[in-house]
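If you want the building blocks of each chain, they are given just below.
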There are 2 protein chains.
Amino acid sequence: MATAAGPLLNDIKISAKPVAGSFKAKFMDAYHRLKKELIADSESFSHTFESREWVSEVLDYNVPGGKLNRGLSVVDSLVLLRSGEELSEDELFLAFALGWCIEWLQAYFLILDDIMDDSHTRRGQPCWFRQPKVGLIAANDGILLRNHISRILKRHFHDKPYYQDLRELFDEVEYQTACGQMLDLITTPPGEVDLSKYVMDTYLRIVKYKTAYYSFYLPVACALYMSGEDDKSKFESAERILVQMGTYFQIQDDYLDCYGHPDVIGKVGTDIEDTKCSWLIVQAIARASPEQKSRLYNNYGRKDPACVAEVKKVYNELNLEKLFLDYESESYENFMSIINEEKSIELQQVLKLFLSKIYKRQK
Amino acid sequence: MATAAGPLLNDIKISAKPVAGSFKAKFMDAYHRLKKELIADSESFSHTFESREWVSEVLDYNVPGGKLNRGLSVVDSLVLLRSGEELSEDELFLAFALGWCIEWLQAYFLILDDIMDDSHTRRGQPCWFRQPKVGLIAANDGILLRNHISRILKRHFHDKPYYQDLRELFDEVEYQTACGQMLDLITTPPGEVDLSKYVMDTYLRIVKYKTAYYSFYLPVACALYMSGEDDKSKFESAERILVQMGTYFQIQDDYLDCYGHPDVIGKVGTDIEDTKCSWLIVQAIARASPEQKSRLYNNYGRKDPACVAEVKKVYNELNLEKLFLDYESESYENFMSIINEEKSIELQQVLKLFLSKIYKRQK
Ligand SMILES: [Mg+2]
Ligand SMILES: [Mg+2]
Ligand SMILES: [Mg+2]
Ligand SMILES: [Mg+2]
Ligand SMILES: [Mg+2]
Ligand SMILES: [Mg+2]
């Protein structure tokens, strides 16, 4: 039952111990194996010494440097779906491989996103395309990463009954992510500002396609296929709620960018300076008086700290922090009631694990 | 038998009339159908009015504006492989769809290539990313085109016995093309010149992967799958010779850039100004005296017409035009002898059709 301040994290009961993190070292071993295989692979392309070195650097710089939450959640989900039944070493490796395919997919999109957004840093280091010897070659490196996914799937899953489903799943989610990017790019074209386009319907659509599918639905769908699931309705109910959780996750991200503590979130938020189509600005515009609206229009998207402060002032006048906290508690109730409707206890466990990882997160 | 000036075009006998071009109008109809389907498709992504308009423009600007040789050669090949047996309307459409997948693949690579090469024009119009409202968003548009291929294949080939083979074929060739691009980009990084890297072995490897697989092998492999072929050795012998033909085609392209007539090739060649790793410069460096080499090093890659003239002077001193014409005749003999070893008469016809289309081309 929710308290006044919202439910506590440990209200979410998961039968298996939360396994997040415990696979980290083995997961990294799997990365090194996959990398080695890709670089040694001469079936379709005969590498030169230089090209092999290049690919190796592209991979190490871009693939394993994130938090790896998405990748690790495949194995975490599979463990719960198998409810206690031990995974063999081979199965563990396959779950890691699928996790890495998701990390590869993300790295591919991030490389290109940073080029398009003209960004400077990513994961605490210069963006790949900012490396002097790289530049726009980075675009092709992104494409190489995308192609590695097909090669990993072919090498390790070709004989599985769910191979074709897996291929189509990755296609589908890549397409959705690219469409979300398109929507984002045409709504908020780099270098141009039109706050009148920042409306909730557009915001939700961008987030759903650009982030939620690949970050939340994809890992669970991978685990479902590996667990031998072939009931389409399981995938559909997982999709429905995980896409909602992904949306909630992005809204938190937008909230923390402004209200999170830099020491905790590990960076100083710049969504206001960067004219981001954030949940906060969308809510602010929808609620602002004409006077507040003109202060938002005059100050949003400017690097000047005084402008940023002015935007935050409007946010505070509009009580956006409370709006978020209410949304957060409501979401929790909503998620729990949908999860409890799910017939499969194993899938319930997976969904609760995801919720426990993100609910009320501070970073 | 070859004459002094090399064999004549009509030495190549093809039983079916060369059909190139005769399908052009129907091929364009198929484009409009595929485009309509992609834009109406709301199974995986729910378009907005703006996103639909955007995709429509991306497609019309980038996909159908080339010579369409690659796309049309799928149906041309299939006609020969079926040796006279009439194709149904449905089969025709499927052959067109595969042809369009190749054109989509090319458009995707060209959009990104133009960004990476900082090019200005493509097919007689400004590069897509040069459009003021596009810019680097073009990178994501390229990715969208890539994703359309999977969707076209899924929609129209899902129930075919060769669906999985087709998927893996497109994956394979995309990977090869991306690897060829990588090799090209790291050998001749944009904005940097190091002629010492321009050696024949590297040149041939770049051309093979960057161009030959998708332009020559891919259309025939598509037609082979559609014709029901499942003898892997057929694919392998087609691959072996078509990759060689693709290489020959690129060498012609490099030759024509310098020695072709601008009115005939439809553009003024700029490979020398653009520091391209062309067959001519590779041959020149391999044959130049120290004195000629230093003239090449001092003048290659400069926009100044006097520098271009100086490079061409060295080419002439080294008799590169004759070198090419000899190579061309030798290639012909070589191709014909390999083709005549092929056991399948139908595949022989296909290979001869390809050869007839490119041998001694002036544009
Ligand atoms: Mg970005
Ligand atoms: Mg972006
Ligand atoms: Mg953020
Ligand atoms: Mg180019
Ligand atoms: Mg290029
Ligand atoms: Mg050329």
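Here the structure is a predicted model, which is why all the values come from computation and not from measurement.

Draft legend 1. Focus on the coordination of the magnesium ion (ligand 1). Residue and element names in this part refer to chain A. For the magnesium ion (ligand 1), the protein coordination sphere consists of Asp113 (OD) and Asp117 (OD), at 2.0 to 2.1 Å. The metal-metal distance between the magnesium ion (ligand 1) and the magnesium ion (ligand 2) comes to 3.4 Å, with Asp113 coordinating both. Pair noted here: Asp113 and Asp117 are both in helix 4 (residues 89-117), with a separation of four residues, about one helical turn. Accessibility expressed as a relative area gives 33% for Asp117, which makes it partly exposed.

Draft legend 2. Main features of the interface of chain B and chain A. Facing the 48 residues of chain B at the interface are 48 residues of chain A. Both faces considered, chain B and chain A share a buried interface measuring about 4,600 Å² in area, 62% of it formed by carbon and sulfur atoms. Of all residues in chain B, Phe45(B), Tyr175(B) and Met182(B) bury the most surface against chain A, accounting for 16% of the area lost on that side. Summed over the shared surface of chain B and chain A, the number is eight salt bridges. The shortest N-O distance in the salt bridge between Glu172(B) and Lys154(A) comes to 4.0 Å. Connecting chain B to chain A are 22 residue pairs in polar contact (both at pLDDT 80 or more). Within the residue set of the side of chain B that touches chain A, elements represented by two or more residues are helix 2 (49-62), helix 4 (89-117), helix 5 (137-157), helix 6 (163-187) and helix 7 (200-226) of chain B. It is helix 6 of chain B that provides the largest number of residues to the side of chain B that touches chain A, a total of 17 residues. Taken together, the residues of the side of chain B that touches chain A sort by class into 24 nonpolar, 14 polar and 10 charged.

Draft legend 3. Fine view of the environment of His156(A). Residues and elements named next belong to chain A. Tracing the backbone through its elements, the reader meets His156 in helix 5 (residues 137-157). Overall, His156 belongs to the buried group, its relative accessible area being 13%. Considering only alpha carbons, one finds His156 and Phe93, 63 residues apart in sequence, at a separation of 9.6 Å. Contact partners of His156, with chain neighbours within four places excluded, come to Arg33, Leu34, Glu37, Phe93 and Leu94. Within the local environment of His156, its side chain forms a polar contact with the side chain of Glu37, the two groups lying 2.7 Å apart.

Draft legend 4. Quick peek at helix 3 (residues 69-81) of chain A. Residues and elements named next belong to chain A. With 13 residues, helix 3 ought to run about 18 Å at 1.5 Å a step, and its terminal C-alpha atoms sit 18 Å apart, in line with that. Judged by how many residues are buried, helix 3 sits mostly within the fold: 12 of 13 residues are covered. Looking only at helix 3, the buried set comprises Arg70, Gly71, Leu72, Ser73, Val74, Val75, Asp76, Ser77, Leu78, Val79, Leu80 and Leu81. Among the structural elements, helix 1 (24-40), helix 4, helix 7 (200-226), helix 8 (232-259) and helix 14 (345-358) are those in contact with the buried residues of helix 3. Immediately downstream of helix 3, the backbone of Ser83 shows phi near 30 degrees, a positive value.

Draft legend 5. Just the relation of the copies chain B and chain A, in detail. Overlay of chain B on chain A (RMSD 0.0 Å): rotation 180 degrees, translation along the axis 0.0 Å. Expressed as an axis order, the relation between the two copies is that of a two-fold axis.

Draft legend 6. Just the coordination of the magnesium ion (ligand 5), in detail. Taken together, the protein ligands of the magnesium ion (ligand 5) are Asp113(B) (OD) and Asp117(B) (OD), with distances of 2.1 to 2.3 Å. A spacing of 3.4 Å is found between the magnesium ion (ligand 5) and the magnesium ion (ligand 4), which share Asp113(B) as a donor.

Draft legend 7. Structural view of the side chain of Ser278(B). In this fold, Ser278(B) is placed in the loop between helix 9 (262-265) and helix 10 (279-287). When neighbours within four sequence positions are excluded, Ser278(B) is seen to be in contact with Tyr203(B), Asp254(B), Asp271(B) and Tyr300(B).

Draft legend 8. Main features of the nonpolar core. Counting residues in hydrophobic clusters, the biggest one holds 209 residues, and the most contacted among them are Trp104(A), Met245(A), Trp104(B) and Met245(B). Residue contacts for Met245(A): discarding those within four places in its chain leaves Phe216(A), Phe335(A), Ile339(A), Leu351(A), Phe354(A), Leu355(A) and Ile358(A).

Draft legend 9. Quick peek at the pattern of salt bridges. For the structure shown, the criterion picks out 53 salt bridges over all chains. Across the salt bridge formed by Lys303(B) and Asp274(B), the nearest N and O atoms sit 3.7 Å from each other. Placement of the pair is Lys303(B) in the loop between helix 11 (290-299) and helix 12 (305-317) and Asp274(B) in the loop between helix 9 and helix 10, with a sequence separation of 29 residues. Each member of the salt-bridge network shares a partner with another, and the members are Asp41(A), Arg151(A), Lys154(A), Glu168(B) and Glu172(B).

Draft legend 10. Structural detail: the packing of helix 8 of chain A against helix 13 (residues 320-341) of chain A. All names here are of chain A. In contact at an axis separation of 11 Å, helix 8 and helix 13 are set at 160 degrees when each is read in the N-to-C sense. Of the possible angle classes, the one that applies to helix 8 and helix 13 is roughly antiparallel. For the pair helix 8 and helix 13, the sense of crossing is left-handed. For the pair helix 8 and helix 13, the contacting residues are Arg240, Ile241, Gln244, Met245, Thr247, Tyr248, Ile251, Gln252, Tyr255 and Tyr259 in the first and Leu320, Glu321, Phe324, Leu325, Tyr327, Glu328, Ser331, Asn334, Phe335, Ile338 and Ile339 in the second. Across the contact of helix 8 with helix 13, the residue classes tally to 13 nonpolar, five polar and three charged.

About the criteria used
Residues numbered from 1 in each chain as written. Chains lettered and ligands numbered in written order. Predicted model: local features only at pLDDT ≥ 70, side-chain atom pairs only at ≥ 80, totals over all residues. Heavy atoms only, no water. Donors = N, O, S within 2.8 Å, 3.2 Å for Na, K, Ca; no water. Helix = DSSP H or I, 4+ residues; strand = E, 2+ residues; numbered from the N terminus. Buried < 20%, exposed > 50% of the residue type's maximum accessible area, 1.4 Å probe, protein only. Contact = heavy atoms within 4.5 Å. Buried area = accessible area lost by both parts, 1.4 Å probe. Salt bridge = Lys/Arg side-chain N within 4 Å of Asp/Glu carboxyl O. Polar contact = N/O pair within 3.5 Å; in protein donor to acceptor, adjacent residues only side chain to side chain. Nonpolar A, V, L, I, M, F, W, Y, C, P; charged D, E, K, R; others polar. Expected span 1.5 Å × (residues − 1). Least-squares fit on C-alpha atoms with pLDDT ≥ 70 in both. Core = buried A, V, L, I, M, F, W, Y, C linked by side-chain atoms within 4.5 Å. Axes fitted to C-alpha atoms, helices over the stretch in contact; angles between N-to-C directions. Parallel < 35°, antiparallel > 145°, perpendicular 65-115°, else oblique. Left-handed = near helix turned anticlockwise from the far one by under 90°.

Coordinates in, geometry out; function isn't part of it.
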